[in-house]
Amino acid sequence: MEDNIKFYFEETGYYDIKSIKPVDAINVSRFFVEHKNQNREAVYYPYLVELNSLAQKDIDSSEKRKHTCILVDKNNLDKIKLFDNHRKMLNCALEMTEAKV
């Protein structure tokens with residue numbers, strides 16, 4: 001768990017973390033990276049991260065170039081563009097939050 005918190009902090013700067021839980025929606029994607037002329041395989045292990053607050057520290061510039069962190073209101077999630085497999089992972093995470101209520 002400590003590694004997940006460190007990883008999340010390094011990429012987002014959010015440090016006031018309430019919980020990090022694995023989402024039961026592991027995904028494997030196979031794709032061709034045209035500009036590198038390579039076939040790739042990516043395995044996604046999604047996690048649901050709940051924050052106590054939006055307190056955030058600045059992150060390393062190299063992380064800023066690699067990652068974009070956005071906050072989307074739950075009522076607008078259906079409006080953001082996602083690949084189908086990412087939408088499935090998001091829906092599984094949302095089911096976890098609804099099960100808590």
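Residues numbered from 1 in each chain as written. Predicted model: local features only at pLDDT ≥ 70, side-chain atom pairs only at ≥ 80, totals over all residues. Heavy atoms only, no water.

Asker: How should I be thinking about the overall build of the protein in this particular structure?
Answerer: When you go through the protein residue by residue, the secondary structure sums to three helices and four strands. Shown N-terminal to C-terminal, the secondary structure of the protein runs as helices and strands in the order α-β-β-β-β-α-α. Here the C-alpha coordinates of the protein stretch approximately 45 × 35 × 30 Å along the principal axes. A buried classification covers 26% of the 101 residues belonging to the protein. Summarising the internal contacts of the protein: among those between residues at least 6 apart in sequence, 62% fall at separations of at least 24. (Helix = DSSP H or I, 4+ residues; strand = E, 2+ residues; numbered from the N terminus. Buried < 20%, exposed > 50% of the residue type's maximum accessible area, 1.4 Å probe, protein only. Contact = heavy atoms within 4.5 Å.)

Asker: Teacher, can you tell me more about the pairing of strand E2 (residues 27–33) here?
Answerer: Pairing of E2 with strand E3 (residues 38–44), which is carried by seven bridges, proceeds in the antiparallel orientation. What sits directly across from Phe 32, in E3, is Asn 39. Two successive antiparallel strands, E2 and E3, enclose a turn made up of four residues, where Asn 37 displays a positive phi of approximately 50 degrees. (Pairing = 2+ DSSP bridges.)

Asker: Hey, could you run me through the side chain of Ser 29 in this one?
Answerer: Mapped onto the elements, Ser 29 comes out in strand E2. Using a relative accessible area of 15% as the deciding quantity, one classes Ser 29 as buried. A distance of 2.9 Å separates a polar atom in the side chain of Ser 29 from a polar atom in the side chain of Asn 85. Every residue in contact with Ser 29, bar those within four places of it in the chain, is listed here: Arg 40, Glu 41, Ala 42, Tyr 44 and Asn 85. (Polar contact = N/O pair within 3.5 Å; in protein donor to acceptor, adjacent residues only side chain to side chain.)

Asker: Quick question: what am I supposed to make of the nonpolar core here?
Answerer: For soluble globular proteins, the rule of thumb is that nonpolar side chains tend to be buried together. Judged by nonpolar contacts, Val 23, Ala 25, Leu 48, Met 89, Cys 92 and Ala 93 together constitute the single largest core of six residues. In terms of residue count, the dominant contributor to this core is helix H3 (residues 84–100) (three residues). Apart from the residues within four sequence positions on either side, Ala 93 is in contact with Val 23 and Leu 48. (Core = buried A, V, L, I, M, F, W, Y, C linked by side-chain atoms within 4.5 Å.)

Asker: For this particular structure, what's the right way to read the pattern of salt bridges?
Answerer: Note that side chains of opposite charge can pair when their charged atoms are close. Enumeration over the complete set of coordinates arrives at five salt bridges. Of the charged contacts, one joins Lys 21 and Glu 50 as a salt bridge, the two residues approaching to 3.7 Å between their closest N and O atoms. With Lys 21 in strand E1 (residues 17–22) and Glu 50 in strand E4 (residues 47–51), this residue pair connects regions lying 29 residues apart in the sequence. Residue class for Glu 50 comes out buried when judged on its relative accessible area of 18%. Across the salt bridge formed by Lys 64 and Asp 58, the nearest N and O atoms sit 2.8 Å from each other. The partly exposed category is assigned to Lys 64, whose relative accessible area is 43%. (Salt bridge = Lys/Arg side-chain N within 4 Å of Asp/Glu carboxyl O.)

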